[in-house]
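Listed here are the chains, written in short residue letters.
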Amino acid sequence: MIVFVARRVAAGLALVVVIATTTFALMGLTGSDPARQIVGQTATKEQVAAKSAELGLDQPMVERYWHWLTDAVQGNLGTSWFSGESVTDSLANRLPVTLSIVLAALLLSAVLSTLLGVAAAVRRGALDQLVQLLAVVGFAVPSFLVALVLAVVIGVDLGWLPATGYIPLADSASGWLKSITLPALSLAVGAIAATAQQVRGSMVDVLRADYVRTLRARGISERSLLFRHALRNAAPAALTVLALQFIGLVGGAVVVEKVFGLNGIGSQATSAGSQGDTPVVMGVVVVMVAIVVVVNIALDVAYGWLNPKVRVG
Amino acid sequence: MRRMTLTAVAVALALGATACGSGSDSGSGGATGGTLTLAPLVQAQPWDLADAGLGNNTQYYQPVYDSLFRISPTAEVKPNLATKWSYDATNTKLTVTLRTGVKFTDGTALDAAAVKANLLHTKDGTNEAAGQLKGISGVDVTDASTFTINLSAPDPSLLANLGNVAGMIASPKAITAGTLKSGPVGSGPYTLDKSATTTGSTYTFVRNPGYWNKAAFPYDKIVLKPLTDPTAVLNALRSGQINGAVLTNAKNVAPAKSSGLTITKYTSGDVEGLYIWDRAGKQVKALGDVRVRQALNYAFDRETIVKTAKGGLGQATTQIFNPAGSAFEKSLDSKYTYDPAKAKQLLAEAGYANGFSVTMPDFSAVFPDQQAAMTQQLADIGVKVKLDKVPTDQVLTKLLAGKYPMSYMVLASFRPWDTIQLQVAKASLWNPLHTDDPKLEALIGKAQAATGAAQDSLFKEINTYLVDQAWNAPWDSVQNNYATSKNVTFTPQQFAAVPPIYNFKPAG
């Protein structure tokens, strides 16, 4: 298992380097002019040239990349060209916002999709059809629309929860929970729909298996049968969907963060990308790729726990 | 056990919604004291004034840094840190007397030496505020409360600029130590409360107990929450989380009003329309003929464009100068009333009876309605527009490099001299093909050296000449809607993209 994990970590590091290099090259090839954007439309050409030199944009791209890489491996991701803020500090401020809503959405998805999927597979009939209908609807409705409706109805009209903004967990646990609930729900709807369908399908297959019939014949309780045996065998497929959902949720967070005025990594990535703020874009990319790698490794370990046969190699 | 824990957390998340009550941390500006919460449209730029931007960025700097002058809502220059000032006969030496006894929050005295250090430091920067000080050739300190700014040439906008970010003063001790990157150190009415500030989402400013003019700032606390999304701004206003913000989307005005918010329309300081860069006809020969440029002006139904493409947020005009400035002449707005037949006639007289073709940058990603109106109305008089697809972040660079003969554009237009410097003079940045008109250059030279009513008269003369020569075909002076909650009032500020914080007061 240790060798297996070590290999995956090494592959993950290689992936981070490859993607970071590609991103830096793409940022250099876009032809954007961050110096002009920083100093504004009224600045003279001399001011733009001075800002370009200050940012190091007058140096060859390879040289700039080498500087960035050597600093990055020492933990220095540079400073934002636009705000002057340290990229590391900026990520430390924004990552908790995005991770809070994404992890809460993932948790909601895992719990609710399991409950819905298992109930549909076991009860079948009208409940099954209802769950499938809800899943189709939930999958079809875009998260930004859910976010808009939740923000206006629950945040503005009813005033139950904040319509915008984020409160750090360290400041107030209840405030944090209130501030992430609507964004997390908005994100979770699609993920719940997709994962519930997967859990239902896997459970239906497993419940038809011979060993389930045998267990029933031996008189094992229905609860034990469902949750100790059937769900454990149906879980890997659901886990795969959830892992993919995680990556999708991070992407979906971009829109949800905008609607709820959250200063997360998603909104940061889009604004930095459109401005050509290379240090911020690189920081965001490295961190997000690292998170995806970690999630995938965790998923592999979870597979191994659920099914010892896959631990080999 | 694991199952129970997961379920409990999920239920808590779902039910927390109904159990936790209102999330509003609304500003409580009902009386003197309390909190004013505003939502700037942009993220904060660095605290070091050498890296400071202008426009929407100014609200971040106003709480912590005091400026040499105070600009009134009608754009008059008033005393602030500076109590007296005068120019010499050549308008190149500005002698200023400073208020005494003012200290920065780190205990350093705010004296003439501190002002000199600031002006030179900001001037050496590379951002927008620095650009307004480039004409300063030196600063002479006479004594602790008197200094003289030396200019390489008269700058009619200098006093006004010194009442904004360019004239804000930071602690020279912090400048020398390079600590402004981690937070501001000024002498302003407030200080940044770092413990209640999260960079990028919430900036909290609390009163500076040593501030000399506390009465001008009624709020005990200012909170700035940058929000860039129009929907998030509207929701934050309606739910009472913020007290004021610009409504960038005209469609949000009706729901804002129905929620009891007060909407104030004001001139943003931008003028939009068709800007003609190739007035000498170097790229498109037709544009070198004044009749063709006048035809382009007659082609536009400005009132309809404002109504349909702008949601009413604009004041139709044929002038590039701000309506609040002394260069503006109301009668000029009726010079080119919508008349496509006359436009075609002028084109025919100039030898372009079948119109002509022109390539312009494609602005459909950011200004789709404006571009659609423009291309249609130009097509109606026979001008065929070929749109060049270019990434949004590269448009400015290409326009400034003189790649296009004309284009849709929104350009800042504040004080007359600023506008002339920005887009009229031969060397102006936004005269990218450097149209050279000796008569115009002579008028600009006279206006620069003049003062008072004589200068205003020359500004009007320049404006009239530009409209007659159809240098551009502007459509409207852009207007913004500013929404405020019932417990807050504010006064719009001429020549400012957003109202300064000192223009806000508790209602009643």
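Scoring rules and cut-offs
Residues numbered from 1 in each chain as written. Chains lettered and ligands numbered in written order. Predicted model: local features only at pLDDT ≥ 70, side-chain atom pairs only at ≥ 80, totals over all residues. Heavy atoms only, no water. Helix = DSSP H or I, 4+ residues; strand = E, 2+ residues; numbered from the N terminus. Buried < 20%, exposed > 50% of the residue type's maximum accessible area, 1.4 Å probe, protein only. Expected span 1.5 Å × (residues − 1). Contact = heavy atoms within 4.5 Å. Salt bridge = Lys/Arg side-chain N within 4 Å of Asp/Glu carboxyl O. Pairing = 2+ DSSP bridges. Axes fitted to C-alpha atoms, helices over the stretch in contact; angles between N-to-C directions. Buried area = accessible area lost by both parts, 1.4 Å probe. Polar contact = N/O pair within 3.5 Å; in protein donor to acceptor, adjacent residues only side chain to side chain. Arc of directions from axis to C-beta. Domains from an automatic or database assignment. Phe/Tyr/Trp six-rings, centres within 6.5 Å; stacked < 30°, edge-to-face > 60°. Lys NZ or Arg CZ within 6 Å of the ring centre and 35° of its normal.

**Q** Is there a simple way to explain unusual backbone geometry in this structure?
**A** Backbone phi values are negative for most residues with the exception of glycine, while trans is the configuration of most peptide bonds. Backbone geometry places Arg124(A), a non-glycine residue, at a positive phi of 55°. Inspection of the secondary structure assignment puts Arg124(A) in the loop between helix 5 (87–123) and helix 6 (125–140). For Arg124(A), a relative accessible area of 32% puts it in the partly exposed group. If you check the backbone angles, Ala75(B) has positive phi at about 75° while not being a glycine. By the element assignment, Ala75(B) lies in the loop between strand 3 (69–71) and strand 4 (77–79). Using a relative accessible area of 16% as the deciding quantity, one classes Ala75(B) as buried.

**Q** Just checking my understanding: could you explain helix 16 (residues 452–468) of chain B for this structure?
**A** Owing to its 3.6 residues per turn, the α-helix brings residues three or four apart onto one side. Residues and elements named next belong to chain B. An ideal rise of 1.5 Å per residue puts 24 Å on 17 residues; helix 16 measures up with 25 Å between its terminal C-alpha atoms. Buried residues in helix 16 make contact with helix 14 (416–424) and helix 15 (438–449). Positive phi shows up at Ala 470, right after helix 16, with a value of about 50°.

**Q** Sorry if this is basic, but what is going on with the pattern of salt bridges here?
**A** Two side chains bearing opposite charge may form a pair once their charged atoms approach each other closely. Tallying each qualifying case throughout the model produces 16 salt bridges over all chains. Lys389(B) is the partner of Asp362(B) in a salt bridge, and the nearest nitrogen-oxygen pair spans 2.8 Å. With a gap of 27 residues between them, Asp362(B) in the loop between strand 16 (356–361) and helix 12 (368–380) and Lys389(B) in the loop between strand 17 (383–388) and helix 13 (392–400) connect regions that are remote in the sequence. Given the relative accessible area of 10%, Asp362(B) is considered buried. A residue is classified by how much of its surface remains accessible, and Lys389(B), at 67% relative accessible area, is exposed. What you see here is one network of salt bridges that share partners, running through Arg124(A), Asp128(A) and Arg200(A).

**Q** Whenever I open this one, the sheet that holds strand 8 (residues 146–151) of chain B confuses me. Can you help?
**A** Pairing between the strands of a sheet is mediated by backbone hydrogen bonds and can be parallel or antiparallel. Residue and element names in this part refer to chain B. Pairing is antiparallel in the open sheet, where four strands are placed in the order 5-6-8-7. Each of the sheet's edge strands pairs with one partner strand only, and the pair in question is strand 5 (82–87) and strand 7 (136–143). Going across the sheet, the axis of each strand differs from the next one's by a mean of 20°, ignoring polarity. Summarising the sheet, strand 7 and strand 8 pair through six bridges and their orientation is antiparallel. Looking at strand 8, one finds that Val 141 is bridged to Phe 147. Docked against the sheet, helix 3 (residues 112–123) engages strand 6 (93–98), strand 7 and strand 8, running at close to 170° with respect to strand 7.

**Q** How should the interface of chain A and chain B be read in this particular structure?
**A** One frequent convention defines the size of an interface as the accessible area lost when the parts assemble. Between chain A and chain B, the residue contacts involve 52 residues of the former and 52 residues of the latter. Taken together, both faces of the contact between chain A and chain B bury some 4,200 Å²; the carbon and sulfur share is 58%. Seen at the junction of chain A and chain B, the total is one salt bridge. Salt-bridge contacts for Arg238(B) lead to Asp157(A); the nearest nitrogen and oxygen are separated by 3.8 Å. Where chain A touches chain B, the interface holds two residue pairs in polar contact (both at pLDDT 80 or more).

**Q** What should I look at first to understand helix 10 (residues 302–309) of chain B in this one?
**A** Residues and elements named next belong to chain B. Listing the buried residues of helix 10 in full gives Arg 302, Ile 305, Val 306 and Ala 309. Relative to the axis of helix 10, the buried residues are bounded by an arc of 105° and lie together on one face. Opposite the buried face of helix 10, at more than 90 degrees from it, the exposed residues are Glu 303, Lys 307 and Thr 308. Taken together, the buried residues of helix 10 touch helix 9 (290–298), strand 15 (314–316), helix 12 and strand 19 (473–484). Backbone geometry just after helix 10 places Gly 311 at a positive phi near 60°.

**Q** Help me understand the side chain of Arg302(B), please; the structure alone is not making it clear to me.
**A** Residue and element names in this part refer to chain B. Here Arg 302 shows up in helix 10. Of the polar contacts made by the side chain of Arg 302, one reaches the backbone oxygen of Tyr 336; its length is 3.1 Å. The residues contacting Arg 302, other than those within four sequence positions of it, are Asn 297, Ala 316, Thr 317, Thr 318, Tyr 336, Ala 473, Pro 474 and Trp 475.

**Q** Would you mind going over the domain arrangement of chain B with me for this structure?
**A** Residue and element names in this part refer to chain B. Parsing chain B into structural domains produces domain 1 (8–43 + 190–261 + 485–508), domain 2 (63–188) and domain 3 (268–479). With centres defined by C-alpha atoms, the gap from domain 1 to domain 3 works out at 37 Å. Residue-level contacts link five residues of domain 1 with nine residues of domain 3. Here domain 1 meets domain 3 over a buried area of about 570 Å², counting both sides, of which 72% is carbon and sulfur. Seen at the junction of domain 1 and domain 3, the total is zero salt bridges. Where domain 1 touches domain 3, the interface holds zero residue pairs in polar contact (both at pLDDT 80 or more).

**Q** What is the right way to read the packing of aromatic side chains from this model?
**A** The geometry of an aromatic ring pair is captured by two quantities: the separation of the ring centres and the angle between the planes. Residues and elements named next belong to chain B. In this structure the tally under the stated criterion is 24 aromatic pairs over all chains. When the centroid spacing of 5.6 Å and the interplanar angle of 75° are considered together, the rings of Phe 363 and Tyr 408 count as edge-to-face. One end of the pair, Phe 363, is in the loop between strand 16 and helix 12; the other, Tyr 408, is in strand 18 (residues 406–412), and 45 residues separate them in sequence. Neither residue differs from the other here; Phe 363 and Tyr 408 are each classed as buried. An aromatic cluster is defined as three or more aromatic residues linked by ring pairs; in this entry it consists of Trp 47, Tyr 60, Tyr 61, Tyr 65, Tyr 203 and Phe 205. Cation over ring: Arg 99 sits above Trp 212, and NZ or CZ is 3.7 Å from the ring centre. The ring of Tyr 336 has Lys 335 sitting right over it, with the charged end atom 5.6 Å from the ring centre.

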